[in-house]
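# Overview (structure and organization)
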Amino acid sequence: MLDDPITTTPRSPGWGGFVLALTLISLLGAVFSAVVGFASVMSSDGCFSGDTRFICTGDGQQTVFWLPWIGWASAIIGSLITAGWASRKGWGPWAGLLVGALLYVVAALVARGIVNG
């Protein structure tokens, strides 16, 4: 029984669970990106005539709207790339979720910096 290849072969490191988790997190991220994008644009309501802050320009408003979406897309792509790399190393795909979250947070912090700047 110990020489049986079925019992001695290690199991695949959870790709089904990873894909499900990434899908659910991505759906939540899409909703969050929409809310953050619109809320960031609304932060320009405090602008006045002659205000030179970047958020008070059309380009600034477009930037803060699209940054969460760029972060969302890069998080998904980064998660998949990292998951593939980690699986080839034998670690399983779950490290991809951490990298994706970090990529998303970076884009959200840049948008927040523009809003506060």
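All of these numbers come straight from a predicted model, not from anything done at the bench.

Moving on, we come to helix 2 (residues 15-42). Over its 28 residues, helix 2 runs 40 Å from end to end, which matches the ideal 40 Å to within 8%, given 1.5 Å per residue. Those residues of helix 2 lying buried are Phe18, Ala21, Leu22, Ser26, Gly29, Ser33, Val36, Gly37 and Ser40. Elements that come into contact with the buried residues of helix 2 comprise helix 3 (58-88) and helix 4 (95-116).

Further remarks concern the state of the cysteines. Scanning all chains against the criterion turns up one disulfide. Residue pairing for cysteine 47: its cysteine sulfur links by disulfide to cysteine 56, the two sulfurs lying 1.9 Å apart. Between cysteine 47 and cysteine 56, the disulfide has an S-S torsion of -85 degrees and is therefore left-handed.

Across the protein chain, the average pLDDT comes to 88, with 89% of residues at 70 or higher. At the low end of the mean pLDDT range in the protein chain sits helix 1 (residues 5-8), at 54; at the high end sits helix 3, at 95.

Checked against the element boundaries, serine 33 lands in helix 2. In this structure serine 33 comes out as buried when scored by relative accessible area, which is 0%. Contact partners of serine 33, with chain neighbours within four places excluded, come to Pro68, Trp69, Trp72 and Tyr104.

On inspection of all chains with the given rule, the structure shows one salt bridge. Between arginine 53 and aspartate 51 there is a salt bridge whose closest N-O contact spans 2.8 Å.

A cluster of nonpolar side chains, namely Leu20, Leu24 and Leu27, defines an oily patch on the protein surface of about 310 Å² accessible area. By the element assignment, leucine 20 lies in helix 2. Classification of leucine 20 by relative accessible area gives exposed; the value is 52%.

Scanning the model with the defined rule gives seven aromatic pairs in all. Aromatic side chains phenylalanine 32 and tyrosine 104 sit 6.2 Å apart centroid to centroid with 55 degrees between the ring planes, which places their arrangement in the tilted category. In this pair, phenylalanine 32 sits in helix 2 while tyrosine 104 sits in helix 4, placing the two residues 72 residues apart along the sequence. On the basis of relative accessibility, which here comes to 14%, the residue tyrosine 104 falls in the buried class. With a centroid separation of 5.6 Å and an interplanar angle of 80 degrees, the aromatic rings of tryptophan 69 and tryptophan 72 are classed as edge-to-face. A residue pair is termed a helical-turn pair when its members lie 3 or 4 positions apart in one helix, as tryptophan 69 and tryptophan 72 do in helix 3 at three residues. Overall, tryptophan 69 belongs to the partly exposed group, its relative accessible area being 22%. Looking at tryptophan 72, the relative accessible area reads 25%, which means it is partly exposed. An aromatic cluster is defined as three or more aromatic residues linked by ring pairs; in this entry it consists of Trp15, Phe18 and Trp94.

How each quantity is defined
Residues numbered from 1 in each chain as written. Predicted model: local features only at pLDDT ≥ 70, side-chain atom pairs only at ≥ 80, totals over all residues. Heavy atoms only, no water. Helix = DSSP H or I, 4+ residues; strand = E, 2+ residues; numbered from the N terminus. Expected span 1.5 Å × (residues − 1). Buried < 20%, exposed > 50% of the residue type's maximum accessible area, 1.4 Å probe, protein only. Contact = heavy atoms within 4.5 Å. Disulfide = S-S within 2.5 Å. pLDDT = per-residue confidence, 0-100. Salt bridge = Lys/Arg side-chain N within 4 Å of Asp/Glu carboxyl O. Patch = residues over 30% accessible without salt bridge, like charges linked within 9 Å, V, L, I, M, F, W, Y side chains within 5 Å. Areas by Shrake-Rupley, 256 points an atom, 1.4 Å probe, with all protein chains shown as cover. Phe/Tyr/Trp six-rings, centres within 6.5 Å; stacked < 30°, edge-to-face > 60°.

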